[in-house]
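# Analysis of the macromolecular model
Given next are the chains, with one letter for each unit.
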Amino acid sequence: AQYTVCMEARGLENSLPFWRPWNTKAENAFSKNGAAFKPYICDLHLHSQFSDGRLSVRDLIDLYGERGVGCIAITDHLCEQSNIVGRVSHQLNYSVSIQNFDQYMSTIASEAKRAWEKYSMVVIPGYEITKNSFRNHRSAHILVLNIQDY
């Protein structure tokens, strides 16, 4: 018997289609209440060249898409600027900034469309609010997903 399964995430229905159909035999999938579910592999914390990552958004999408990952989130650093560490991060371009935020978002949007068409992979825009300090107990990192604004 074959089953078609769709997986959805609340709150993302109006962005790129956050569902993935699976035609799978029941013995190759997890089962719950008679429906078959295949694992949906995601990496929701990726950095690109917009902060301290080595790869471009396009290269990240190809790297993960070629390996069958179903969903990624691009979450480059958004460093605060109230201390020296944050200001240096901005000066070295290790942070998304107000100046490059529109480019960041448009790059993710265009590459997300390509990722869906080529790999059926969902790409979620996000950032990592980053407060770094010379003392670890004063540092904080918070991931924010499905963002629209700086």
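Residues numbered from 1 in each chain as written. Predicted model: local features only at pLDDT ≥ 70, side-chain atom pairs only at ≥ 80, totals over all residues. Heavy atoms only, no water.

## Thoughts on helix α3 (residues 101–119)
- The terminal C-alpha atoms of α3 lie 26 Å apart, and with 19 residues this matches the ideal 27 Å at 1.5 Å per residue to within 8%.
- For α3, every residue scored as buried is listed here: F101, Y104, M105, I108, E111, A112, R114, A115 and Y119.
- Contacts made by the buried residues of α3 are with α1 (57–65), β6 (71–79) and β7 (122–131).
- Positive phi shows up at S120, right after α3, with a value of about 55°. (Helix = DSSP H or I, 4+ residues; strand = E, 2+ residues; numbered from the N terminus. Expected span 1.5 Å × (residues − 1). Buried < 20%, exposed > 50% of the residue type's maximum accessible area, 1.4 Å probe, protein only. Contact = heavy atoms within 4.5 Å.)

## Focus: the environment of H45
- Within the fold, H45 resides in strand β5 (residues 42–46).
- Considering only alpha carbons, one finds H45 and E128, 83 residues apart in sequence, at a separation of 8.3 Å.
- The contacts of H45, once residues within four sequence positions are left out, are A73, T75, E128 and L143.
- Within polar-contact distance, the side chain of H45 engages the side chain of E128 at 3.0 Å. (Polar contact = N/O pair within 3.5 Å; in protein donor to acceptor, adjacent residues only side chain to side chain.)

## Looking at the packing of aromatic side chains
- Tallied over the full model, the rule gives four aromatic pairs.
- Pairing F101 with Y104 gives two aromatic rings, centres 6.3 Å apart and planes at 40°, and the pair type is tilted. Separated by three residues within a single helix, F101 and Y104 lie in helix α3, roughly one turn from each other. Taken as a pair, F101 and Y104 share a single burial class, namely buried.
- For the ring pair F101 and Y127, a centre distance of 6.4 Å and an interplane angle of 70° mean the geometry is edge-to-face. Linking F101 in helix α3 with Y127 in strand β7, this pair joins segments that are 26 residues apart in sequence. (Phe/Tyr/Trp six-rings, centres within 6.5 Å; stacked < 30°, edge-to-face > 60°.)

## With respect to the pattern of salt bridges
- Going through the model one piece at a time under the given rule, you end up with three salt bridges.
- In this structure, D62 and R114 form a salt bridge, with 3.0 Å as the shortest nitrogen-oxygen distance. With a gap of 52 residues between them, D62 in helix α1 and R114 in helix α3 connect regions that are remote in the sequence. Assigned by exposure class, D62 and R114 land together as buried.
- Between E111 and R114 there is a salt bridge, with its nearest N and O atoms 2.7 Å apart. Here E111 and its partner R114 are both found in helix α3, three residues apart, which amounts to about one turn of the helix. R114 matches E111 in its accessibility class, with the two residues each being buried.
- Taken together, the salt bridges that share partners define one network made up of R58, D62, E111 and R114. (Salt bridge = Lys/Arg side-chain N within 4 Å of Asp/Glu carboxyl O.)

## Re unusual backbone geometry
- With phi around 55°, S120 is a residue other than glycine that occupies positive phi space.
- Inspection of the secondary structure puts S120 in the loop between α3 and β7.
- With phi around 60°, N146 is a residue other than glycine that occupies positive phi space.
- As for its placement among the helices and strands, N146 is situated in the segment after β8 (140–145).
- What makes N146 partly exposed here is its relative accessible area of 21%.

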